[in-house]
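# Structural overview
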Amino acid sequence: MAARRRPPAHPAATVTGSSWRARRGTPRPWRGLVHRPTELTEAEQNLFVELSPVSLQIFVRDPMIVIGDTVIEASLRLPHRFKERFGLRHLMADMVRRGARRSVVPPGSPLPLQQVARAQGPYLEGGDVMLFGRDVLVGAGQGGFATDDAGIDWLRRELGDGYRVHRTPLHPRVLHLNDGLAAVREGLAIAARAQFVDGLPSVIADWDIIDVGLDEALDQLVANVLVLAPGEVILDSRALGLSEHLTRHDVTVHTLDFDAVTPFAGGFRCSHHPVHRAPAE
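Here the structure is a predicted model, which is why all the values come from computation and not from measurement.

### Some remarks on the overall build of the protein
Scanning the protein from N- to C-terminus turns up five helices and 15 strands. Taken over 281 residues, the protein has a buried fraction of 53%.

### What about the sheet that holds strand β11 (residues 208-211)?
The strand order across the open sheet formed by three strands is β9-β10-β11, and the pairing between neighbours is mixed. Pairing within the sheet leaves two strands with one partner each, and these edge strands are β9 (181-185) and β11. On average, each strand axis in the sheet is inclined to that of its neighbour by 25 degrees, with strand direction left out of account. As judged from the four bridges shared by strand β10 (residues 188-191) and β11, these two strands associate in the parallel manner. If you follow A191 over to β11, its bridge partner there is D211. Those strands touched by helix α5 (residues 240-248) are β9, β10 and β11, and its axis lies near 160 degrees from that of β11.

### Regarding the sheet that holds strand β3 (residues 64-67)
Spatial strand order, β3-β4-β5: three strands in an open sheet with mixed pairing. Two strands bound the open sheet, and with one partner strand each, they are β3 and β5 (101-104). Neighbour-to-neighbour, the strand axes of this sheet turn through a mean angle of 20 degrees, independent of strand direction. Packing of helix α2 (residues 89-97) onto the sheet brings it into contact with β3, β4 (70-73) and β5, and relative to β4 it is tilted by some 155 degrees. Packed on one face of the sheet, helix α3 (residues 149-159) meets β3, β4 and β5 and runs near 155 degrees to β5.

### Here's the deal with empty space enclosed by the protein
Taken as a whole, this structure holds three cavities of 30 Å³ or more when the rule is applied. By volume, the largest cavity is sized at about 60 Å³. Forming the boundary of the largest cavity are 13 residues, of which L76, R77, F82, G108 and P110 lie nearest the centre. By residue class, the composition of the lining of the largest cavity is eight nonpolar, three polar and two charged.

### What about α2?
Turning to α2, its buried residues number three or more, namely L91, M92, D94 and M95. Projected down its long axis, α2 shows its buried positions confined to an angular sector of 160 degrees, all on one face. Downstream of α2 by one or two residues, G99 has phi in the positive range, about 115 degrees.

### A short note on the nonpolar core
Ranked by internal contacts, the top residues of the largest apolar core, which has 18 residues, are I190, V212, L242 and L246. Of all the secondary structure elements, the ones that give two or more residues to this core are β9, β10, β13 (232-236) and α5. Apart from the residues within four sequence positions on either side, L242 is in contact with I190, I210, V212, V222 and L235. Membership of the second largest hydrophobic core comes to 17 residues, among which are I67, V105, A140 and V165.

### Re the confidence of the model for the protein
Segments scoring low in pLDDT should not have their predicted coordinates read at a detailed level. Overall, the prediction assigns the protein a mean pLDDT of 88, with 88% of residues at 70 or greater. Every residue in residues 18-30 is under pLDDT 50, and counting partners more than four places away or in other chains gives 32 contacts.

### Here we look at the side chain of D135
The topology assignment puts D135 in strand β7 (residues 135-140). Taking relative accessible area as the criterion, D135 reaches 15% and is therefore assigned buried. Of note is the side chain of D135, whose polar atom sits 2.7 Å from the side chain of H166. Each residue touching D135, except ones within four places of it in the same chain, is listed here: M130, R164, H166 and V203.

### Some points on the pairing of β13
Most of β13 sits out of view: five of its five residues are buried. Sheet topology places strand β12 (residues 226-229) next to β13; three bridges connect them, and they run antiparallel. Each residue of the ladder has a partner; that of A229, found in β13, is E232. Once β12 ends, the chain turns through two residues before running back antiparallel as β13, passing G231 with a positive phi of about 85 degrees. Relative to strand β14 (residues 252-256), β13 runs parallel, the two being bridged by five bridges. Opposite D236, over in β14, you have L256 as the bridge partner. For the crossover from β13 across α5 to β14, the handedness is right-handed.

### Some details on the pattern of salt bridges
Under the definition given, this model contains 14 salt bridges. Where D94 meets R98, a salt bridge forms, and the shortest distance between an N and an O atom there is 2.9 Å. For D94, a relative accessible area of 10% corresponds to the buried category. Using a relative accessible area of 35% as the deciding quantity, one classes R98 as partly exposed. Through salt bridges with shared partners, a single ionic network connects E73, R85, R89 and R102.

Criteria and cut-off values
- Residues numbered from 1 in each chain as written.
- Predicted model: local features only at pLDDT ≥ 70, side-chain atom pairs only at ≥ 80, totals over all residues.
- Heavy atoms only, no water.
- Helix = DSSP H or I, 4+ residues; strand = E, 2+ residues; numbered from the N terminus.
- Buried < 20%, exposed > 50% of the residue type's maximum accessible area, 1.4 Å probe, protein only.
- Pairing = 2+ DSSP bridges.
- Axes fitted to C-alpha atoms, helices over the stretch in contact; angles between N-to-C directions.
- Contact = heavy atoms within 4.5 Å.
- 1 Å grid on protein atoms, 1.4 Å probe; cavity = no way out; pocket = protein on both sides within 12 Å on 5 of 7 lines; lining within 4 Å.
- Points joined across faces, edges and corners; volume = space filled by probe spheres on them.
- Nonpolar A, V, L, I, M, F, W, Y, C, P; charged D, E, K, R; others polar.
- Arc of directions from axis to C-beta.
- Core = buried A, V, L, I, M, F, W, Y, C linked by side-chain atoms within 4.5 Å.
- pLDDT = per-residue confidence, 0-100.
- Polar contact = N/O pair within 3.5 Å; in protein donor to acceptor, adjacent residues only side chain to side chain.
- Right-handed = clockwise from strand over helix to strand, strands pointing away.
- Salt bridge = Lys/Arg side-chain N within 4 Å of Asp/Glu carboxyl O.

Written out as structure tokens, the structure reads:
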């Protein structure tokens, strides 16, 4: 971290797995700090390589979770993703020095990539966690590749009575909750309704919803936008229809080519994580 100033209320500091530059709209001056993961050492990269040979640090949304003044080191199910935590520990340690509370989800048991659906958790991944004030939605995928019920129960115990944790069942094709859901501002969301097995979560049931199809949500991650501020987003340049819908709702839209990243099953939100949040009301 460079400066030691207090960030403004909306996420003023973020960690990112990829750099970006908006191509449309006029972004307001960025007042916060942007951090990058430290590069994994050779020894860290080789961890569990016999279970899965992949190594990546693109999607920093998943290995950590920030709720209030707590930073949580998550538990990722895919064996090659376990090591991603190491690149963020320097940042989490710095957050603790600045007054944050740190907690760690007990790691699940690693299994070969082909067998992860039956791995023993708890598993809790940041892409499944979305905050709506004191209400916390946690995706429960049916495919066995990410968060499990043990992880949701762990989070519920960890947060205590200060938050309401809502288990949110997802379509078997969906990896994370944020594949098909984005809160653009209070009362307005982008959603792939088909990803929600039990219908839209009650916390957004009365919101205005901009609908996207499940295929475009999963194939192009169009709903996985980066919300810079309430009513201001960065969007994949391929999502022309969604961009027009957002503009009609008075949302400031910046577009960027991201088609080299989305084949790895992540979009803009997956590639960033706020490290400071305003207190929930």
